[in-house]
Every structure is written in C-alpha cells, then in structure tokens.
Amino acid sequence: MILYITVAVVTVLLAGMVDSHPTRQPYQVTRQQLCNRVCLTAVFLILFLLSACRLNVGNDYAKYVEFMHLVNCDAYVPTEIGFNLLVKVIYGLSGYENFLLVFAFYSFVTVFFFLLAMYEQSDEFGLTFFLFMALGCYFQTFSTVRYYLALAVSLYSMKFVLRKQWIRFVLLILLGSTFHKSLLVVLPLYFLASLPWKKWQLAIAAVFCTTFLFLQDFYLKVVVFLYPTYEDTEYLEGGTSYISILRCAAVLVFAGVVYWIRRKEKRPDQEADEFVINRQELWWNRRFWFYFYLNLGAFVLYVFCSFLPIISRIGYYLMVSQILFLPMLLKSISDKKWRRFFRAGILLAAILYFAVYLKRASNDGVLILPYRTFFFNEMVDILSDVT
C-alpha cells in the first residue's frame with residue numbers, strides 16, 4: 001500500500017508541472033515544453049514499469065496466463081482475435097511462453113493511450129491525472145487488462161467524436177474491439193451522446209428506459225446472443241454499483257450548477273471579439289453536452305439496467321469521461337472563490353475514494369495487494385499445471 005501511495009503522490013506531483021496548452025514559439029522549444037516532455041516521460045516510465053514488472057498481481061492475472069497457455073496450444077479460449085494473435089506472435093518470437101512480455105505490452109499501450117488522451121483533451125492535465133489515479137483507473141489496469149486497454153482507446157477516441165471525425169473514430173474502435181469486443185458499444189453510445197437532444201426527444205428516451213424494467217428477459221436474450229459464453233454462468237446475475245450511481249449523480253448536479261452560472265454571466269460587448277467568443281462558446285457547449293450525456297447515460301444504465309451482466313463495464317465507458325469533464329467545469333467558473341470551493345470538494349472526495357479503494361485492494365475482485373514482482377517471486381501454478 002505504501003508503494004502505491006508513493007507512486008500516486010510522485011506521479012501526481014510530476015503531472016502538476018505539465019501544461020498541456022503551452023505557449024509555442026516557432027523553431028524553438030520553450031522551457032515549458034521541455035518540462036512537459038521530461039515530466040510526461042517520467043510519469044509514463046513509472047506507471048509502465050510498476051505495471052509491467054508485477055507478477056500475479058490483479059484479480060485475473062493467473063486466469064490470463066492460463067488463456068495464453070491455451071492459445072499457444074491452439075485450444076479454444078473466449079478471447080478476441082487481437083489478444084490471441086498478440087500471444088501467438090510474442091510466444092513465437094520468444095521461443096517460450098513469455099507471458100510477462102504480453103502483460104508488458106498491454107501495460108505500455110494502455111498507459112500510453114491514457115496519458116495521450118489526457119494530455120490532448122484535458123483543460124487541466126494535473127487535475128485530470130490526479131482523478132485518474134485517485135479514482136483507481138490506473139490501478140484497475142492490473143486486472144481485466146484487455147478491458148482497460150479498450151477503455152484507454154475509448155477515452156482517446158472521444159476527441160474524434162467531438163471533432164466529428166467519424167471515420168477515424170470508427171476505425172480506432174474497430175481496431176480496439178479486436179482486443180475486447182465490448183468496446184463496440186461506444187459506437188452507438190458516443191454517437192447518441194454527441195447529438196443535440198431536444199426536450200421532447202429526451203422525454204421519449206426516458207419512456208424507452210422504462211422498458212428495461214418490463215422486458216428484462218428479452219434484453220438478457222440479446223446479451224446471450226451477442227455473448228454466448230455468458231449463458232448459464234454467474235455473469236448473467238447482473239448487479240449495480242451504488243458508488244457509481246452516486247458519482248454520476250454528483251457530477252450531473254455539479255454540471256447543472258456550472259451551466260446555470262455560465263448562462264447568467266455577461267459576455268463582453270466588443271464586436272471585434274464576437275466571432276471568437278461565439279466559436280469558443282460553441283466548442284464549450286459541444287463538449288459540455290457530450291460529457292453531460294455520457295454521464296447521464298451511465299446513470300441510467302446503473303439505475304435501470306442492473307439486471308444486465310457486467311453493466312459496470314458498459315457504464316465505465318461513459319463514466320471515464322469524468323476525468324475530463326470535471327476539470328472543464330472547474331475552469332468554466334469565473335469566480336475564484338467558488339472555483340476553489342468546488343476544487344476542494346472534488347479533491348477531498350477523490351482522496352476519500354482512493355483511501356476506500358486501497359483499503360479494499362486485497363479483496364477478491366481487486367487483488368492488487370500485496371504487490372509482487374517477477375524479480376523476487378515465482379508464478380503460481382495455473383489450472384493446466386495441476387490437472
């Protein structure tokens with residue numbers, strides 16, 4: 001636990017020195033740009049090495065080692081073609097079942113996409129990264145490695161949705177889905193969140209949501225059709241997360257407050273700046289409503305669709321936007337006192353969340369404690385070794 005806290009503190013301090021919108025000068029690198037490169041490289045190396053050097057740390061580490069062994073033996077595994085080909089290539093090049101290198105590859109790509117997405121899209125990189133660490137996003141990459149690679153890709157893909165670069169968005173999602181096919185759900189969900197919804201359309205959507213209460217058997221059959229490996233397993237038991245519901249509700253309320261405050265503020269009257277102001281306001285509104293509808297969608301899923309298997313995975317594709325949405329909302333508050341007040345509330349809530357998360361870090365379903373590294377430990381026997 002001390003190791004994780006130290007890593008979190010050190011990387012957050014380094015991230016705090018990064019300015020993702022530095023002043024650029026032609027033909028020369030500014031001091032801030034150089035600082036960004038050094039700090040981002042240091043953050044990346046720390047997070048990558050901590051993840052890549054672990055051994056049997058994570059809820060399903062041994063399960064993945066078993067899957068890799070079966071892939072190498074040409075046996076059936078319920079994993080996607082991207083995962084299977086990656087294992088085949090790395091095992092073939094290594095000459096033995098080098099599962100450590102497979103995990104290292106996942107660590108590299110996942111951390112890279114998360115950092116790149118935060119750097120390019122966040123209004124305040126330091127706060128976004130702090131939320132990324134405090135809300136457990138990074139430490140959860142130790143488990144369900146395929147899913148968190150897909151989650152990192154989904155976060156990065158949001159910029160293409162906002163820019164309406166649909167071809168790039170679709171191609172990136174299709175590529176990412178070869179490692180975890182659940183990523184395909186963001187194709188319709190992100191598109192819907194990008195639409196300029198009218199009140200009457202939201203009313204129809206609300207009526208549609210009630211069908212989740214009366215047609216549960218139908219929707220479960222659809223899920224089994226899409227994921228046949230879920231049939232007659234514990235995955236069909238469903239479940240929801242009250243913490244996630246609370247997080248979404250709090251973010252939605254905060255967003256409503258900020259939007260109301262922003263609407264009440266007076267705009268500058270200079271005609272020369274009118275065009276620039278309108279463009280900025282249009283871009284702000286587009287981002288605001290996209291992130292808002294993502295969190296509203298997550299809230300609806302957690303409340304009405306708790307019967308669906310692993311609903312938290314679908315919901316988290318939407319909730320991950322919070323690490324970008326909250327810094328954007330804070331920056332939009334012009335009153336410094338209110339901004340400091342809300343910032344303090346967000347920081348305190350995130351720290352409490354991190355404390356609770358670490359307290360449960362050794363529980364089943366998480367299992368990121370105790371931390372072990374292949375330098376000093378041996379891998380436990382997998383199922384194929386004892387049968």
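Residues numbered from 1 in each chain as written. Predicted model: local features only at pLDDT ≥ 70, side-chain atom pairs only at ≥ 80, totals over all residues. Heavy atoms only, no water.

A word on the packing of aromatic side chains. Applying the stated criterion across every chain, the model contains 51 aromatic pairs. A ring pair is formed by Phe114 and Phe132, whose centres lie 4.9 Å apart and whose planes are at 45 degrees; its orientation type is tilted. Here Phe114 is found in helix H5 (residues 99-121), whereas its partner Phe132 is found in helix H6 (residues 125-134), with 18 residues between them in sequence. Comparing Phe114 with Phe132 shows no difference in burial state: the two are buried. Ring centres of Trp166 and Phe191 lie 5.6 Å apart, and the angle between their planes is 70 degrees; on these two criteria the pair is classed as edge-to-face. Here Trp166 is found in helix H8 (residues 166-177), whereas its partner Phe191 is found in helix H9 (residues 186-193), with 25 residues between them in sequence. By relative accessible area, which is 28% here, Trp166 ends up partly exposed. Between the NZ or CZ atom of Arg262 and the centre of the ring of Trp284, over which it lies, the distance is 4.1 Å. Directly above the ring of Tyr147 sits Arg313, whose terminal nitrogen or CZ lies 5.6 Å from the centroid. (Phe/Tyr/Trp six-rings, centres within 6.5 Å; stacked < 30°, edge-to-face > 60°. Helix = DSSP H or I, 4+ residues; strand = E, 2+ residues; numbered from the N terminus. Buried < 20%, exposed > 50% of the residue type's maximum accessible area, 1.4 Å probe, protein only. Lys NZ or Arg CZ within 6 Å of the ring centre and 35° of its normal.)

On the secondary structure map, Thr110 appears in helix H5. Classification of Thr110 by relative accessible area gives buried; the value is 4%. From its side chain, Thr110 meets the backbone oxygen of Tyr106 in a polar contact 2.7 Å long. If we skip the residues at most four places from it in the chain, Thr110 touches Thr141, Tyr148, Leu149 and Ala152. (Polar contact = N/O pair within 3.5 Å; in protein donor to acceptor, adjacent residues only side chain to side chain. Contact = heavy atoms within 4.5 Å.)

What the rule picks out here adds up to six salt bridges. Salt-bridge contacts for Arg146 lead to Glu80; the nearest nitrogen and oxygen are separated by 2.7 Å. Within this pair, whereas Arg146 is found in helix H7 (residues 145-162), its partner Glu80 is found in the loop between helix H3 (61-72) and helix H4 (81-94), the two being separated by 66 residues in sequence. The partner of Arg287 in a salt bridge is Asp123, and the shortest N-O contact between them spans 2.7 Å. Here Arg287, found in helix H14 (residues 274-304), pairs with Asp123, found in the loop between H5 and H6; they are 164 residues apart in sequence, far enough to count as distant. (Salt bridge = Lys/Arg side-chain N within 4 Å of Asp/Glu carboxyl O.)

Further remarks concern the environment of Phe142. Checked against the element boundaries, Phe142 lands in the loop between H6 and H7. It is 16 Å that separates the C-alpha atoms of Phe142 and Phe83, two residues lying 59 residues apart in sequence.

Low pLDDT marks regions whose predicted coordinates should not be analysed in detail. Here the chain averages 88 in pLDDT, while 91% of its residues score no lower than 70. Within the chain, H6 carries the highest mean pLDDT (97), whereas helix H18 (residues 383-386) carries the lowest (65). (pLDDT = per-residue confidence, 0-100.)

A few words now on H4. The first and last C-alpha atoms of H4 sit 20 Å apart over 14 residues, in line with the 20 Å expected at 1.5 Å per residue. Where H4 is concerned, the buried positions are Gly82, Phe83, Asn84, Leu86, Val87, Ile90 and Tyr91. On the buried face of H4, the contacting elements are H3, H5 and H7. Once H4 finishes, Gly95 follows within two positions and takes phi at roughly 85 degrees, a positive value. (Expected span 1.5 Å × (residues − 1).)

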